[in-house]
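Results of the structural survey
Read off the chains here:
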Amino acid sequence: TLGRFLLDGAKAVRIQGDEIKLEARIRYIDEYSGHADGPELERWIAARRPIRRGLFIVHGEEHALGGLQNRIAERTLPTARIFAPMLDDVYD
């Protein structure tokens with residue numbers, strides 16, 4: 001999978017036929033559960049403070065991501081530093 005390539009240290013990956021050079025720092029989170037609910041995810045994120053630059057939330061349906069973003073913004077991190085990227089969004 002693409003995730004496995006990233007974890008294995010690939011320098012570039014192919015996405016939809018385009019070769020993408022990797023400049024990201026990849027971190028592996030072993031304790032993440034796909035079954036966590038909003039409050040559990042919020043506590044997990046809050047426990048990793050300080051979050052110096054930003055937080056990308058990428059797993060889930062659009063309305064659920066919006067709810068999680070709002071929940072995190074209320075207590076943990078300003079909304080301007082929480083990103084829920086859509087297809088073709090670019091961040092520097």
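Heads up: the structure comes first, above all this text.
Residues numbered from 1 in each chain as written. Predicted model: local features only at pLDDT ≥ 70, side-chain atom pairs only at ≥ 80, totals over all residues. Heavy atoms only, no water.

Quick notes on the overall build of the protein
The helix and strand inventory of the protein stands at three helices and four strands. Beginning at the N terminus, the succession of helices and strands in the protein can be written as α-β-β-α-β-α-β. Across its three principal axes, the protein shows a C-alpha extent of roughly 40 × 25 × 25 Å. Going through the 92 residues of the protein one by one, you find that 16% of them count as buried. Within the protein, contacts between residues at least 6 apart in sequence are counted, and of these 43% link residues at least 24 apart. About 7,800 Å² of surface is accessible on the protein, with carbon and sulfur atoms providing 51% of the total. (Helix = DSSP H or I, 4+ residues; strand = E, 2+ residues; numbered from the N terminus. Buried < 20%, exposed > 50% of the residue type's maximum accessible area, 1.4 Å probe, protein only. Contact = heavy atoms within 4.5 Å. Areas by Shrake-Rupley, 256 points an atom, 1.4 Å probe, with all protein chains shown as cover.)

Remarks on the nonpolar core
Counting residues in each nonpolar core, the largest one holds 10 residues, listed as Leu-41, Ile-45, Ile-51, Leu-55, Ile-57, Leu-65, Leu-68, Ile-72, Leu-77 and Ile-82. Mapped by element, the contributors of at least two residues to this core are helix 2 (38-46) and helix 3 (62-75). (Core = buried A, V, L, I, M, F, W, Y, C linked by side-chain atoms within 4.5 Å.)

Some points on helix 2
All of the buried residues in helix 2 are Leu-41, Glu-42, Ile-45 and Ala-46. When helix 2 is viewed along its axis, its buried side chains cluster within an angular range of 130° and face the same direction. Contacts from the buried residues of helix 2 go to strand 3 (55-56) and helix 3. (Arc of directions from axis to C-beta.)

Here we look at unusual backbone geometry
A cis amide bond links Arg-49 with the next residue in sequence, Pro-50, at an omega value of 5°. For Gln-16, which is not glycine, the phi torsion reads 50° and is therefore positive. As for its placement among the helices and strands, Gln-16 is situated in the loop between strand 1 (12-15) and strand 2 (18-21). Positive phi outside glycine occurs at Asp-88, with the angle close to 75°. In this fold, Asp-88 is placed in the segment after strand 4 (82-83). Accessibility expressed as a relative area gives 67% for Asp-88, which makes it exposed.

Here we look at the packing of helix 2 against helix 3
Contact pair helix 2 / helix 3: the axes reach a minimum separation of 10 Å and the direction vectors enclose 45°. For the element pair helix 2 / helix 3, the angle class is oblique. You can see that helix 2 and helix 3 cross each other, and the crossing is right-handed. On helix 3, the residues that touch Gly-38, Pro-39, Leu-41, Glu-42 and Ile-45 of helix 2 are Leu-68, Arg-71, Ile-72 and Arg-75. (Axes fitted to C-alpha atoms, helices over the stretch in contact; angles between N-to-C directions. Parallel < 35°, antiparallel > 145°, perpendicular 65-115°, else oblique. Left-handed = near helix turned anticlockwise from the far one by under 90°.)

With respect to the pattern of salt bridges
When the charged atoms of two side chains lie near each other, side chains of opposite charge can form a pair. Scanning all chains against the criterion turns up six salt bridges. Counted as one network, the salt bridges with shared partners bring together Glu-42, Arg-71, Glu-74 and Arg-75. (Salt bridge = Lys/Arg side-chain N within 4 Å of Asp/Glu carboxyl O.)

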